[in-house]
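Chain by chain, the residues run as shown.
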Amino acid sequence: MFNVCYQCGIYRADKIIDPAGPYAVCPECGHRHPFLRQPLFTVGGASGTGKSALLRALSIQPQPAVCLESDILWRPEFDRPGDGYRDFFETWLRMAKNIGQAGRPVTLFGAGFAVPGNLEACVERRYFGPLHILALVCDDDVLAQRLRQRPAWRGVTEDFIAAQLDFNRWLRDQGPQPAPPVALLDTTALTVDHAAAEITLWLKSRTRDLPTQPNS
């Protein structure tokens, strides 16, 4: 377990990061653990903008980063809007951090992963280099149509559609402004293959010359 100190055995997620190594420094005993400080990639956006379809398309061909659907770890105990679903995001960043030690960064797909504040506030954020966020957006009428065409078991209501439209508008209007900025990919008129190719190019342009093993 990455957060357990190899020297004193104490579990501390809040290790001190020395970028010179980089090293994760144990706050208890000072042990300096070399590790790979990978960038973190996320793809988010409102329901209906194409996240699941694009993840399936990306998963059948080699990618420069491990692409994962964040919903696979969702559990009822994570459903805590009062604290911004903090445990959910911390869990995924901890998972991505450990996967990244194998030499490849991770791309997380999930609606809330398009919001920088959901990630920047996490304790686990310190173990990553740059945070690269891509938000999928589309025209309001197209988004509403896509959601209304979903099967009945998805439980789509008009209130749900309205909330997704609000989120979609927020991303289009405010997404590029935070630090780090959020890149936008408009899927309104793109085929799945075309949009997947755009994401692959986005990943490749940001993963050149990454280290594959930690410094000693």
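Conventions and cut-offs
- Residues numbered from 1 in each chain as written.
- Predicted model: local features only at pLDDT ≥ 70, side-chain atom pairs only at ≥ 80, totals over all residues.
- Heavy atoms only, no water.
- Salt bridge = Lys/Arg side-chain N within 4 Å of Asp/Glu carboxyl O.
- Helix = DSSP H or I, 4+ residues; strand = E, 2+ residues; numbered from the N terminus.
- Buried < 20%, exposed > 50% of the residue type's maximum accessible area, 1.4 Å probe, protein only.
- Pairing = 2+ DSSP bridges.
- Axes fitted to C-alpha atoms, helices over the stretch in contact; angles between N-to-C directions.
- Contact = heavy atoms within 4.5 Å.
- Disulfide = S-S within 2.5 Å.
- Polar contact = N/O pair within 3.5 Å; in protein donor to acceptor, adjacent residues only side chain to side chain.

### With respect to the pattern of salt bridges
Alright, step 1. Counted under the stated rule, the structure contains 15 salt bridges.
Alright, step 2. Residue Asp 87 pairs with Arg 80 through a salt bridge whose shortest N-O separation is 2.8 Å.
Alright, step 3. In this structure, Arg 169 and Asp 140 form a salt bridge, with 2.6 Å as the shortest nitrogen-oxygen distance. On the criterion of sequence distance, the pair formed by Arg 169 in helix H5 (residues 158-174) and Asp 140 in helix H4 (residues 140-148) is long-range, its members being 29 residues apart.
Alright, step 4. Judged by its relative accessible area of 35%, Arg 169 is partly exposed.

### As for the sheet that holds strand S7 (residues 131-137)
Alright, step 1. Pairing is parallel across the open sheet formed by 5 strands, whose spatial order is S5-S6-S4-S7-S8. The outermost strands of the open sheet, each flanked by one partner alone, are strand S5 (66-69) and strand S8 (182-186). Within the sheet, the average angular offset between the axes of one strand and its neighbour, ignoring direction, is 20°.
Alright, step 2. Two elements, strand S4 (residues 40-45) and strand S6 (residues 106-109), share 4 bridges in a ladder whose sense is parallel. Looking at the pairing, Phe 41 lines up with Thr 107 of S6.
Alright, step 3. Contacts from helix H2 (residues 86-100) reach S4, S5 and S6 within the one sheet, and its direction differs from that of S5 by about 155°.
Alright, step 4. Its contacts with the sheet place H5 against S4, S7 and S8, and it is angled at close to 125° to S7.

### Considering the environment of Cys 26
Alright, step 1. Topologically, Cys 26 is positioned in the loop between strand S2 (23-25) and strand S3 (32-34).
Alright, step 2. Under the relative-accessibility criterion, Cys 26 is labelled buried at 3%.
Alright, step 3. For the pair Cys 26 and Val 4, spaced 22 residues apart in the sequence, the C-alpha separation amounts to 8.8 Å.
Alright, step 4. When near neighbours in sequence (up to four residues on either side) are disregarded, Cys 26 contacts Cys 5, Cys 8, Lys 15 and His 31.

### Considerations on the state of the cysteines
Alright, step 1. In this structure the tally under the stated criterion is 0 disulfides.
Alright, step 2. Among the cysteines around Cys 5, which has no disulfide bond, Cys 29 carries the closest sulfur, lying 3.6 Å off.
Alright, step 3. Cys 5 supplies the cysteine sulfur nearest to Cys 8, a cysteine that is in no disulfide, at a spacing of 3.7 Å.
Alright, step 4. With relative accessibility at 33%, the residue Cys 8 sits in the partly exposed group.

### What to know about the sheet that holds S2
Alright, step 1. Taking strand neighbours across the sheet as the criterion, the 3 strands line up as S1-S2-S3 in an open arrangement whose pairing is antiparallel. Of all strands in the sheet, those with a lone pairing partner are strand S1 (16-18) and S3, marking the two edges. The sheet shows a mean angle of 30° between the axes of neighbouring strands, taken without regard to direction.
Alright, step 2. As paired elements, S1 and S2 share 3 bridges and run antiparallel to each other. Note that in S2 the partner of Ile 17 across the bridge is Ala 24.

### Regarding the side chain of Ser 70
Alright, step 1. Among the structural elements, Ser 70 can be located in the loop between S5 and H2.
Alright, step 2. Polar contacts involving the side chain of Ser 70 include one to the main-chain carbonyl oxygen of Phe 109, which spans 2.8 Å.
Alright, step 3. Residues contacting Ser 70, with those up to four places away along its chain left out, are Phe 88, Trp 92, Phe 109, Gly 110 and Phe 113.

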